[in-house]
Every structure is written in structure tokens, then in C-alpha cells.
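Examination of the molecular architecture
Read off the chains here:
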Amino acid sequence: MTGSAALVTAVRTVKQYLTFVSAGPFQYAVAEALALPDAYFTAFREDLRRKRDLLCEGLAEAGFTVHRPQGTYFVTTDITPLGLGDDGTKFCLALPERCGVVAVPNAVFYDDPEAGRPLIRFAFCKREGVLEEAVTRLKRLAV
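This text gives an overview of the structure that appears in the document. (Residues numbered from 1 in each chain as written. Predicted model: local features only at pLDDT ≥ 70, side-chain atom pairs only at ≥ 80, totals over all residues. Heavy atoms only, no water.)

Things to note about the nonpolar core
With 23 residues, the main nonpolar core has Leu55, Phe64, Phe91, Leu95, Ile120, Phe122 and Leu138 as its most contacted residues. Where this core is concerned, the elements lending two or more residues are helix H3 (38-61), helix H4 (88-99), strand E4 (119-123) and helix H5 (128-139). (Core = buried A, V, L, I, M, F, W, Y, C linked by side-chain atoms within 4.5 Å. Buried < 20%, exposed > 50% of the residue type's maximum accessible area, 1.4 Å probe, protein only. Helix = DSSP H or I, 4+ residues; strand = E, 2+ residues; numbered from the N terminus.)

Pasting the structure below:
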């Protein structure tokens, strides 16, 4: 960063606190969560698993190649089987207008964007009704 000495000093000060104590405010929430019964976490895990499966199955039925996740709430898919090109970024930019659904191109997470070009991801940490509607809309892409 470049700027006046006062601005650089202010940014460096904030960066220092964000880097080393960013989790400080979350410690109270973590302490509360650790006191919850195991049943809460079991139900939470099962809820996310059910939503993951709903979205994965729906995306596969819509024609995507689905990479089923095991440790995140994003489902990565390959768009090439849809026959709509292989540019995930262009696909994601057009998706809201095409069917009212949003996704994120995986290429933005790659050092070599070409390696992730046909891959996009959808979040499944949503209400089941939202996921069901998204799947219904995405199935129309193949028509």
C-alpha cells in the first residue's frame, strides 16, 4: 500500500489487530457452542447432509457433473455436459437472468484460472425450499 504516512500507519495498525486477534470476538460464541448438547451437532450435521444430497442429486438430474463434497457447504460442478460452453465465469454471469439462480465460478480460486474454467459451485446452506426451487429452475437449462 502507498499513501500518506498517517494513512499507512492507520492501515498497519488495523492489520496488526485483524491478523492476530480476529477470532477474539468469536471466542464467546465458541464457548457457548461447546456447551451445547451433542444432539444439536448431530441434527446440524444431518440437516446439512440432507441439503447436500438434495442439491447434488438435483444438479446431476439437471445435467451437471457433480463433485459431492465431504467437508464444505459448496457443491462443485462441471458445466460442460450441459452443452452451454465451458466458461464457468460467463455461465455464472448469465445464470441469474437465465433461471434466477446464482453460482460462483471456481476459476477465481485457481492460480491458473484455465484449470478451473468449466467448474462452478453452488451453496447448499439454504432452506430446503430454496434448494428445491433452484434445482427445478436449473433443470430447465437442459431443455
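Observations regarding the packing of aromatic side chains
Here the structure, examined in full by the defined rule, presents five aromatic pairs. Residues Tyr40 and Phe44 carry aromatic rings whose centres are separated by 6.2 Å and whose planes lie at 10° to one another, so their mutual orientation is stacked. Within this pair, Tyr40 and its partner Phe44 are both found in helix H3, separated by four residues, close to a single helical turn. A relative accessible area of 44% places Phe44 in the partly exposed class. Here the aromatic rings of Tyr73 and Phe74 are separated by 5.0 Å at their centres, their planes lie at 35°, and the arrangement is tilted. When its relative accessible area of 41% is taken as the criterion, Tyr73 is described as partly exposed. Of the residues examined, Phe74 reaches a relative accessible area of 22% and is grouped as partly exposed. Grouping aromatic residues by their ring pairs yields a cluster made of Tyr40, Phe41 and Phe44. In this structure, Arg121 packs its charged tip against the face of Phe74, placed 3.5 Å from the ring centre. (Phe/Tyr/Trp six-rings, centres within 6.5 Å; stacked < 30°, edge-to-face > 60°. Lys NZ or Arg CZ within 6 Å of the ring centre and 35° of its normal.)

Some words on the pattern of salt bridges
Per the counting criterion, the structure on display carries twelve salt bridges. Its salt-bridge partner being Asp53, residue Arg52 comes within 2.9 Å of it at the nearest N-O pair. The salt bridge partner of Glu133 is Arg137, with a shortest N-O separation of 2.8 Å. Here the residue Glu133 and the residue Arg137 both occupy positions in helix H5, the gap between them amounting to four residues, near one helical turn. Taking relative accessible area as the criterion, Arg137 reaches 28% and is therefore assigned partly exposed. Shared partners join several salt bridges into a network, and the residues in it are Asp47, Arg50, Lys51 and Glu128. (Salt bridge = Lys/Arg side-chain N within 4 Å of Asp/Glu carboxyl O.)

Describing the pairing of E4
In terms of strand pairing, strand E2 (residues 74-78) meets E4 through five bridges, oriented antiparallel. Its bridge partner being in E4, Asp78 is matched across the sheet by Leu119. Bridging between strand E3 (residues 104-105) and E4 involves two bridges; their strand directions are antiparallel. Bridge pairing in E4 links Pro105 to Ile120. (Pairing = 2+ DSSP bridges.)

Observations concerning H4
With twelve residues, H4 extends 16 Å between its outermost C-alpha atoms, agreeing within 8% with the 16 Å of an ideal straight helix rising 1.5 Å per residue. By the burial criterion, the buried members of H4 are Gly88, Phe91, Cys92, Leu95 and Cys99. Down the axis, H4 shows its buried residues gathered within 95° of arc, on one side only. Exposed and facing more than 90 degrees away from the buried side of H4 are Lys90, Leu93 and Glu97. Sitting at the amino-terminal end of H4 is Asp87, which places a side-chain oxygen 3.0 Å from the backbone nitrogen of Thr89. Gly100 occupies a position one or two residues after H4 and carries a positive phi of about 75°. (Expected span 1.5 Å × (residues − 1). Arc of directions from axis to C-beta. Polar contact = N/O pair within 3.5 Å; in protein donor to acceptor, adjacent residues only side chain to side chain.)

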